[in-house]
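This is what each chain is made of:
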Amino acid sequence: MTTNDHFTRIRFLDFEACSVSAASWPIEVGVSRLLFGEEGVSVATWDSTIRPHTSWPISECSEKSAKVHNIPLNELLEGADAIGVAEKAFEELRGCVVLSDAPPYETLWLDRLLALIEREGQIFIEDFHAASFGSFSGRVLDDLYEFLERHRAPHRAGRDSARLARSWMRALASDAQGALGNR
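Residues numbered from 1 in each chain as written. Predicted model: local features only at pLDDT ≥ 70, side-chain atom pairs only at ≥ 80, totals over all residues. Heavy atoms only, no water.

**Quick notes on the packing of helix 4 (residues 82-93) against helix 5 (residues 103-114)**
Axis separation between helix 4 and helix 5 bottoms out at 8 Å; the angle between their running directions is 120 degrees. Between helix 4, through Ala82, Val85, Ala86, Ala89, Phe90 and Leu93, and helix 5, the contact on the second element is made entirely by Leu110, Leu113 and Leu114. In terms of residue class, the contact of helix 4 with helix 5 is made up of 9 nonpolar, no polar and no charged. (Axes fitted to C-alpha atoms, helices over the stretch in contact; angles between N-to-C directions. Helix = DSSP H or I, 4+ residues; strand = E, 2+ residues; numbered from the N terminus. Contact = heavy atoms within 4.5 Å. Nonpolar A, V, L, I, M, F, W, Y, C, P; charged D, E, K, R; others polar.)

**Some words on unusual backbone geometry**
Despite not being glycine, glutamate 118 has its phi angle at roughly 55 degrees, a positive value. For glutamate 118, the location among the structural elements is in the loop between helix 5 and strand 6 (125-127). Here histidine 155, not a glycine, exhibits a phi torsion of approximately 60 degrees, which is positive. By the secondary structure assignment, histidine 155 is in the loop between helix 7 (138-150) and helix 8 (157-181). Histidine 155 gets classed as partly exposed once you look at its relative accessible area, which sits at 34%. (Buried < 20%, exposed > 50% of the residue type's maximum accessible area, 1.4 Å probe, protein only.)

**Regarding the nonpolar core**
Nonpolar side chains tend to gather and get buried jointly when the protein is soluble and globular. Judged by nonpolar contacts, the single largest core of 28 residues is most densely connected at Leu13, Val29, Leu110 and Leu113. Taken together, the elements giving at least two residues each to this core come down to strand 1 (10-17), strand 2 (26-37), strand 3 (40-51), helix 4 and helix 5. Leaving out residues up to four positions away in the same chain, leucine 113 has contacts with Phe15, Pro26, Ile50, Trp56, Ala82, Val85, Ala86 and Ala89. Listed in part, the 20 residues of the second largest apolar core include Val97, Ala165, Trp168 and Leu172. (Core = buried A, V, L, I, M, F, W, Y, C linked by side-chain atoms within 4.5 Å.)

**Examining the side chain of arginine 156**
Along the chain, arginine 156 falls in the loop between helix 7 and helix 8. A polar contact of 2.7 Å, which involves the side chain of arginine 156, links it to the side chain of glutamate 28. When residues no more than four places from it in sequence are discounted, the contact partners of arginine 156 are Asp14, Glu16, Glu28, Thr49, His69, Asn70, Ile71 and Glu75. (Polar contact = N/O pair within 3.5 Å; in protein donor to acceptor, adjacent residues only side chain to side chain.)

Written as C-alpha coordinates, this is what we have:
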(Lines give C-alpha, C1' and ligand atoms only; values in the text may rest on other atoms or scores of the structure.)
Protein backbone atom coordinates (compact mmCIF):
# COMPACT_ATOMS: atom_id res chain seq x y z
CA MET A 1 0.00 0.00 0.00
CA THR A 2 1.42 3.38 -0.96
CA THR A 3 1.26 6.40 1.29
CA ASN A 4 -1.42 7.91 -0.94
CA ASP A 5 -3.50 4.72 -0.60
CA HIS A 6 -3.43 5.19 3.18
CA PHE A 7 -4.46 8.84 2.91
CA THR A 8 -7.34 8.05 0.52
CA ARG A 9 -8.99 5.99 3.30
CA ILE A 10 -9.09 8.96 5.68
CA ARG A 11 -12.29 10.94 6.17
CA PHE A 12 -12.54 14.20 8.08
CA LEU A 13 -15.88 14.49 9.90
CA ASP A 14 -17.70 17.42 11.42
CA PHE A 15 -21.21 17.98 12.74
CA GLU A 16 -23.20 20.98 13.79
CA ALA A 17 -25.82 20.17 16.40
CA CYS A 18 -28.93 21.62 17.99
CA SER A 19 -27.06 21.97 21.31
CA VAL A 20 -24.25 20.32 23.25
CA SER A 21 -26.49 18.51 25.76
CA ALA A 22 -26.42 14.73 26.11
CA ALA A 23 -29.81 14.59 24.34
CA SER A 24 -28.75 16.82 21.43
CA TRP A 25 -28.97 15.72 17.81
CA PRO A 26 -27.14 16.60 14.59
CA ILE A 27 -28.43 19.35 12.32
CA GLU A 28 -25.65 19.29 9.71
CA VAL A 29 -22.93 16.83 8.69
CA GLY A 30 -19.77 17.33 6.66
CA VAL A 31 -17.39 14.65 5.39
CA SER A 32 -14.23 15.56 3.49
CA ARG A 33 -11.50 13.46 1.91
CA LEU A 34 -8.26 13.93 0.03
CA LEU A 35 -8.21 13.16 -3.68
CA PHE A 36 -4.94 12.31 -5.40
CA GLY A 37 -4.69 12.96 -9.12
CA GLU A 38 -2.33 14.00 -11.86
CA GLU A 39 -2.92 17.64 -10.93
CA GLY A 40 -1.96 16.98 -7.31
CA VAL A 41 -4.00 16.71 -4.14
CA SER A 42 -7.47 18.22 -3.76
CA VAL A 43 -10.31 18.01 -1.27
CA ALA A 44 -13.80 16.63 -1.92
CA THR A 45 -16.61 17.37 0.53
CA TRP A 46 -20.12 16.05 1.01
CA ASP A 47 -22.35 17.93 3.42
CA SER A 48 -26.01 18.20 4.24
CA THR A 49 -28.36 19.85 6.66
CA ILE A 50 -30.52 17.32 8.49
CA ARG A 51 -34.27 17.66 8.98
CA PRO A 52 -35.01 16.71 12.60
CA HIS A 53 -36.22 13.13 12.93
CA THR A 54 -39.56 12.75 14.71
CA SER A 55 -37.81 10.88 17.55
CA TRP A 56 -35.52 13.85 18.28
CA PRO A 57 -36.92 16.37 20.78
CA ILE A 58 -37.18 19.88 19.33
CA SER A 59 -36.91 21.14 22.91
CA GLU A 60 -33.17 20.34 22.77
CA CYS A 61 -32.58 23.22 20.33
CA SER A 62 -30.40 25.85 21.94
CA GLU A 63 -30.39 29.53 20.97
CA LYS A 64 -26.73 29.68 21.97
CA SER A 65 -25.85 26.90 19.51
CA ALA A 66 -27.99 28.49 16.79
CA LYS A 67 -25.98 31.72 17.17
CA VAL A 68 -22.72 29.77 16.69
CA HIS A 69 -23.66 27.86 13.53
CA ASN A 70 -26.29 30.32 12.26
CA ILE A 71 -28.65 27.59 11.05
CA PRO A 72 -32.24 28.49 11.95
CA LEU A 73 -34.76 25.78 12.76
CA ASN A 74 -36.92 26.73 9.76
CA GLU A 75 -33.92 25.97 7.48
CA LEU A 76 -33.64 22.53 9.09
CA LEU A 77 -37.27 21.81 8.39
CA GLU A 78 -36.35 22.15 4.70
CA GLY A 79 -33.25 19.94 5.16
CA ALA A 80 -32.64 16.44 3.91
CA ASP A 81 -34.48 13.52 5.49
CA ALA A 82 -32.50 12.28 8.52
CA ILE A 83 -32.72 8.61 7.46
CA GLY A 84 -31.42 9.42 3.98
CA VAL A 85 -28.57 11.46 5.49
CA ALA A 86 -27.76 8.58 7.86
CA GLU A 87 -27.54 6.15 4.94
CA LYS A 88 -25.30 8.49 2.96
CA ALA A 89 -23.07 9.22 5.98
CA PHE A 90 -22.64 5.50 6.65
CA GLU A 91 -21.75 4.95 3.00
CA GLU A 92 -19.19 7.80 3.12
CA LEU A 93 -17.54 6.60 6.37
CA ARG A 94 -17.75 2.79 6.27
CA GLY A 95 -14.31 1.15 6.10
CA CYS A 96 -12.48 4.46 6.51
CA VAL A 97 -10.26 6.05 9.13
CA VAL A 98 -12.53 8.79 10.47
CA LEU A 99 -10.91 11.84 12.06
CA SER A 100 -12.52 14.63 14.05
CA ASP A 101 -11.22 17.43 16.24
CA ALA A 102 -13.99 16.69 18.79
CA PRO A 103 -14.48 12.87 18.89
CA PRO A 104 -16.73 12.69 21.98
CA TYR A 105 -19.29 15.09 20.49
CA GLU A 106 -18.99 13.76 16.94
CA THR A 107 -19.43 10.19 18.21
CA LEU A 108 -22.59 11.19 20.10
CA TRP A 109 -24.09 12.83 17.00
CA LEU A 110 -22.92 10.19 14.53
CA ASP A 111 -24.37 7.41 16.69
CA ARG A 112 -27.62 9.35 17.13
CA LEU A 113 -27.84 9.70 13.32
CA LEU A 114 -26.82 6.11 12.56
CA ALA A 115 -29.26 4.74 15.15
CA LEU A 116 -31.97 5.69 12.66
CA ILE A 117 -30.65 2.94 10.36
CA GLU A 118 -29.53 0.59 13.16
CA ARG A 119 -25.81 1.21 12.51
CA GLU A 120 -24.82 3.10 15.68
CA GLY A 121 -21.46 2.07 17.16
CA GLN A 122 -20.19 0.76 13.80
CA ILE A 123 -17.97 3.73 12.96
CA PHE A 124 -15.07 4.64 15.26
CA ILE A 125 -13.93 8.27 15.28
CA GLU A 126 -10.27 8.97 15.98
CA ASP A 127 -8.80 12.19 17.32
CA PHE A 128 -7.62 14.51 14.53
CA HIS A 129 -4.81 15.95 16.66
CA ALA A 130 -3.42 12.57 17.74
CA ALA A 131 -3.53 11.38 14.11
CA SER A 132 -1.81 14.58 12.95
CA PHE A 133 1.02 14.14 15.46
CA GLY A 134 1.27 10.47 14.48
CA SER A 135 1.45 11.23 10.75
CA PHE A 136 3.58 14.36 10.61
CA SER A 137 6.42 15.98 12.54
CA GLY A 138 8.68 19.01 12.66
CA ARG A 139 8.17 21.74 10.09
CA VAL A 140 5.42 19.77 8.35
CA LEU A 141 3.37 19.60 11.55
CA ASP A 142 4.02 23.30 12.12
CA ASP A 143 2.65 24.03 8.62
CA LEU A 144 -0.47 21.97 9.36
CA TYR A 145 -1.23 23.89 12.56
CA GLU A 146 -0.32 27.24 11.02
CA PHE A 147 -2.93 26.54 8.34
CA LEU A 148 -5.56 25.76 11.01
CA GLU A 149 -4.67 28.91 12.93
CA ARG A 150 -4.96 31.10 9.84
CA HIS A 151 -8.22 29.48 8.70
CA ARG A 152 -10.61 29.52 11.64
CA ALA A 153 -13.54 27.11 11.81
CA PRO A 154 -16.63 28.75 10.28
CA HIS A 155 -18.97 26.42 12.25
CA ARG A 156 -20.58 24.90 9.19
CA ALA A 157 -20.00 21.15 8.94
CA GLY A 158 -18.85 20.93 5.32
CA ARG A 159 -16.47 23.86 5.55
CA ASP A 160 -15.15 22.68 8.92
CA SER A 161 -14.42 19.15 7.67
CA ALA A 162 -12.82 20.62 4.52
CA ARG A 163 -10.66 22.87 6.71
CA LEU A 164 -9.27 19.80 8.49
CA ALA A 165 -8.67 18.01 5.19
CA ARG A 166 -6.95 21.07 3.71
CA SER A 167 -4.61 21.22 6.70
CA TRP A 168 -3.47 17.68 5.84
CA MET A 169 -3.26 18.63 2.17
CA ARG A 170 -0.97 21.49 3.23
CA ALA A 171 1.11 19.12 5.36
CA LEU A 172 1.49 16.64 2.51
CA ALA A 173 2.60 19.43 0.16
CA SER A 174 5.07 20.67 2.76
CA ASP A 175 6.37 17.13 3.29
CA ALA A 176 6.82 16.63 -0.47
CA GLN A 177 8.58 19.96 -0.80
CA GLY A 178 10.92 19.01 2.06
CA ALA A 179 11.64 15.66 0.42
CA LEU A 180 12.57 17.41 -2.82
CA GLY A 181 14.88 19.74 -0.93
CA ASN A 182 16.68 16.79 0.64
CA ARG A 183 17.67 15.23 -2.69
